[in-house]
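Now for the letters of each chain:
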Amino acid sequence: MAEGAVLLLVNERGDRRLLWELLDGEEFEAIYAAKDAGQARSMLAQNADVALVVLEIGAEDDEVRSFCSELTGDPRTALLPVLVVSTIELAELWPIAVPENVRGHLRSPVDPDA
């Protein structure tokens, strides 16, 4: 069993369903699904057991990008790994510097065989 829970903020239905199935197969203690960055903040504040955050970020998605950067700047979540799901490269989302806690990137649509 994987330790801790996952916070999932992925709005594209196919990616969300596939990621849920893949993460569920890893047997995390729980998977929390947020509909937006505000709800993700609330869920994270209420659930200290979150061990991984998966964020879908679009080119114009400033709110989710800001949420990701906030995680790095907060001592309570600075070491929390983030996996980004996006149709574009990380360098396009963060031209100056990718937040330190971003540990991986999946292209959308997610390909489970990649």
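**Looking at the layout of surface pockets**
Taken as a whole, the largest pocket spans an internal volume of roughly 300 Å³. Together, 13 residues line the largest pocket, and L44, A45, D74, R76 and T77 are the ones closest to its centre. When contributions to the lining of the largest pocket are tallied by element, the ones reaching two or more residues are α2 (37-46) and α3 (62-73).

**Section: the nonpolar core**
By size, the foremost hydrophobic cluster in this structure holds 25 residues, and its most contacted members are L7, V53, L55 and F67. Breaking this core down by element, the ones donating at least two residues are β1 (5-9), α2, β3 (50-56), α3, β4 (82-86) and α4 (90-93). Ignoring anything within four residues of it in the chain, the contact list for F67 reads L7, A37, A40, R41, L44, V53 and L55. Within the second largest apolar cluster, 13 residues are counted, among which are L23, F28, I31 and V85.

**A look at the pairing of β4**
Of all the five residues making up β4, four are buried; the element is thus mostly covered by neighbouring parts of the structure. Both β3 and β4 contribute to a ladder of four bridges, which runs parallel. In the sheet register, E56 faces β4, and the bridge partner there is V85. Regarding the hand of the β-α-β motif, the stretch spanning β3, α3 and β4 is right-handed.

Scoring rules and cut-offs
- Residues numbered from 1 in each chain as written.
- Predicted model: local features only at pLDDT ≥ 70, side-chain atom pairs only at ≥ 80, totals over all residues.
- Heavy atoms only, no water.
- 1 Å grid on protein atoms, 1.4 Å probe; cavity = no way out; pocket = protein on both sides within 12 Å on 5 of 7 lines; lining within 4 Å.
- Points joined across faces, edges and corners; volume = space filled by probe spheres on them.
- Helix = DSSP H or I, 4+ residues; strand = E, 2+ residues; numbered from the N terminus.
- Core = buried A, V, L, I, M, F, W, Y, C linked by side-chain atoms within 4.5 Å.
- Buried < 20%, exposed > 50% of the residue type's maximum accessible area, 1.4 Å probe, protein only.
- Contact = heavy atoms within 4.5 Å.
- Pairing = 2+ DSSP bridges.
- Right-handed = clockwise from strand over helix to strand, strands pointing away.

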